[in-house]
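# Summary of structural features
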Amino acid sequence: MLASLALLAVGLVTLVYGADRVVAAASGLADHVGVSALFVGVTVVAVGSSVPEIATTAYASVYGAGTLAVGHVVGSATSQITLGVGLVAAVSTLTIPRERLPAYGGGMLVAMAVMLVAAASGTVGRVEGALMCALYLGFLAVVAERADFADRASDHDGIHDPRRAALWLVCGLVLVLAGGHLLVTEGRAFALAVGVPPYLVGVVTGLGTTVPEITVALQAVRADEDGIAVGTLFGSNVTDPLFSLGFGATVGTLHVAHVSRVLLAGGYMLAVSAAVVAYFALRPTMGRRVGLLVAALYLPAFLIV
């Protein structure tokens with residue numbers, strides 16, 4: 001049991017560090033090409049920082065750990081919309097332009113709803129996975145069409161030497177693959193040894209792999225790059241439910257146990273997300289006091305599971 005726990009921790013650290021290198025390298029390459037801060041946040045950084053979830057669901061499909069995969073995505077999305085948004089707003093006021101909210105906030109809510117509908121049957125098959133990936137590509141197309149390519153993301157903390165960035169991109173992906181393998185296999189072994197549901201292990205590891213998104217968003221808002229912060233937090237919550245889970249299901253069918261528990265926790269994720277979107281619809285700026293309140297909304301997630 002202790003060996004599994006130790007390897008689980010090693011896998012989580014390796015996964016997070018690898019994802020951090022992937023994000024830095026991909027952001028540097030995007031900046032070298034010259035695209036907007038918001039576009040980088042919603043696409044490159046959101047996808048890059050979701051690499052842990054993508055790797056986790058892919059491995060889960062191979063090892064028959066679909067319940068852990070869904071719990072991982074729900075835990076990650078819940079922590080991002082509560083802890084992520086709340087802590088960023090507490091550090092520095094977070095602003096989302098009203099014209100951006102329908103695409104990013106609406107896209108997030110639709111992505112979460114689609115994931116819950118897919119998981120409700122207890123099985124997310126390859127066809128459903130492919131459709132979820134297609135929906136995500138459609139979301140990216142909408143974002144790309146509305147992106148302002150004149151607003152470069154030059155302040156983002158990326159690796160700006162193209163050769164060095166390409167090297168770190170490859171190395172980071174290798175670390176992510178290794179860490180994801182350990183996370184799924186040892187997380188499943190630990191759950192069996194302790195006698196807790198794999199879904200609960202997934203929720204806890206989901207919090208761990210959210211660290212890259214929260215870190216990127218905090219760094220971005222301190223550098224007055226609200227576009228990166230908003231794009232990362234909201235974009236990742238579109239990427240994880242649609243693409244991460246969809247990709248895993250496309251690799252191999254995901255079987256979900258304890259469906260009622262999954263739907264309860266997923267319903268809470270969707271409810272708090274809708275509340276955050278509604279707040280930004282009424283007031284585009286979130287300050288410290290409300291940010292701390294939003295961050296506190298993460299705590300009930302553990303009572304539900």
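Computed from a predicted model, the values in this text were never measured in an experiment. (Residues numbered from 1 in each chain as written. Predicted model: local features only at pLDDT ≥ 70, side-chain atom pairs only at ≥ 80, totals over all residues. Heavy atoms only, no water.)

For the rest of this paragraph, the subject is the overall build of the chain. Looking only at helices and strands, one finds 13 helices and four strands in the chain. For the chain, the proportion of its 305 residues judged to be buried stands at 54%. Here the analysis covers contacts within the chain between residues at least 6 apart in sequence; of these, 89% occur between residues at least 24 apart. Within the structure as shown, the chain displays about 12000 Å² of accessible surface, and the carbon and sulfur contribution to it stands at 69%. (Helix = DSSP H or I, 4+ residues; strand = E, 2+ residues; numbered from the N terminus. Buried < 20%, exposed > 50% of the residue type's maximum accessible area, 1.4 Å probe, protein only. Contact = heavy atoms within 4.5 Å. Areas by Shrake-Rupley, 256 points an atom, 1.4 Å probe, with all protein chains shown as cover.)

In the structure shown here, the tally under the stated rule is six aromatic pairs. Ring geometry for tyrosine 136 and phenylalanine 243: centres 5.5 Å apart, planes at 35°, overall tilted. Of this pair, tyrosine 136 sits in helix α6 (residues 126-146) while phenylalanine 243 sits in helix α10 (residues 226-251), and the two are 107 residues apart along the sequence. Residue classification places tyrosine 136 among the buried positions, given a relative accessible area of 2%. (Phe/Tyr/Trp six-rings, centres within 6.5 Å; stacked < 30°, edge-to-face > 60°.)

As annotated in UniProt, the feature "transmembrane region" (unreviewed entry) corresponds to residues 28-47, 80-96, 103-121, 127-144, 165-184 and 262-282 in the numbering used here. From the first C-alpha to the last, residues 80-96 spans 16 Å; its make-up is 71% helix and 12% strand. Annotated as residues 127-144, this span is 100% helix and 0% strand, and its ends, taken at the C-alpha atoms, are 26 Å apart. (UniProt positions renumbered as here; feature names shortened; annotations may be inferred.)

Before going further, it helps to spend a moment on the environment of valine 256. As for its placement among the helices and strands, valine 256 is situated in the loop between β3 (254-255) and α11 (259-282). The sequence separation of valine 256 and alanine 69 amounts to 187 residues, and the corresponding C-alpha distance is 8.7 Å. In contact with valine 256, other than residues within four places in its own chain, are Gly66, Thr67, Val70, Gly122 and Val262.

In this model, the chain carries an average pLDDT of 80, and 76% of its residues clear a pLDDT of 70 or more. Throughout residues 149-156 the model reports pLDDT below 50, and contacts reaching past four residues in sequence, or to other chains, amount to 29 contacts. (pLDDT = per-residue confidence, 0-100.)

Core analysis: the biggest nonpolar cluster contains 57 residues, and Val85, Leu94, Met115, Phe234 and Phe280 have the highest contact counts within it. Taken together, the elements giving at least two residues each to this core come down to α4 (66-91), α5 (101-119), α6, α9 (211-222), α10, α11 and α12 (288-296). Ranked by residue count, the leading element in this core is α4, at 11 residues. Every residue in contact with phenylalanine 280, bar those within four places of it in the chain, is listed here: Val85, Leu94, Ile96, Leu101, Phe234, Thr285 and Met286. (Core = buried A, V, L, I, M, F, W, Y, C linked by side-chain atoms within 4.5 Å.)

The next subject is α12. Three or more residues of α12 are buried, namely Gly291, Val294 and Ala295. Each buried residue of α12 sits inside an arc of 100° when the element is viewed along its axis, so together they form one side. Projecting away from the buried face of α12 at angles above 90 degrees are the exposed residues Arg289 and Leu293. (Arc of directions from axis to C-beta.)

α11 packs onto α5 with a crossing angle of 170° between their chain directions and a minimal axis gap of 10 Å. Between α5 and α11, the interaxial angle falls into the category roughly antiparallel. Counting all contacts with α5, which are made through Leu101, Gly105, Met108, Leu109, Met112, Ala113, Met115, Leu116 and Ala119, the residues of α11 involved are Val259, Leu263, Gly266, Gly267, Met269, Leu270, Ser273, Ala274, Val277, Phe280 and Ala281. Looking at side-chain class alone, the contact of α5 with α11 contains 16 nonpolar, four polar and no charged residues. (Axes fitted to C-alpha atoms, helices over the stretch in contact; angles between N-to-C directions. Parallel < 35°, antiparallel > 145°, perpendicular 65-115°, else oblique. Nonpolar A, V, L, I, M, F, W, Y, C, P; charged D, E, K, R; others polar.)

Spanning 24 residues, α11 covers 34 Å between terminal C-alpha atoms, matching the ideal 34 Å at 1.5 Å per step. For α11, the set of buried residues is Val262, Ala265, Gly266, Tyr268, Met269, Val272, Ser273, Val276, Val277 and Phe280. (Expected span 1.5 Å × (residues − 1).)

The phi dihedral of histidine 258 is positive, around 55°, even though this residue is not glycine. Assignment of secondary structure puts histidine 258 in the loop between β3 and α11. On the basis of relative accessibility, which here comes to 41%, the residue histidine 258 falls in the partly exposed class.

What follows covers the packing of α4 against α12. Axis separation between α4 and α12 bottoms out at 7 Å; the angle between their running directions is 160°. By the criterion of interaxial angle, the relationship of α4 to α12 is roughly antiparallel. Seen from above, α4 lies across α12 with left-handed handedness. On α12, the residues that touch Ile81, Thr82, Leu83, Gly86, Leu87, Ala89 and Ala90 of α4 are Arg288, Gly291, Leu292, Val294 and Ala295. For the contact of α4 with α12, the class distribution of residues is eight nonpolar, three polar and one charged. (Left-handed = near helix turned anticlockwise from the far one by under 90°.)

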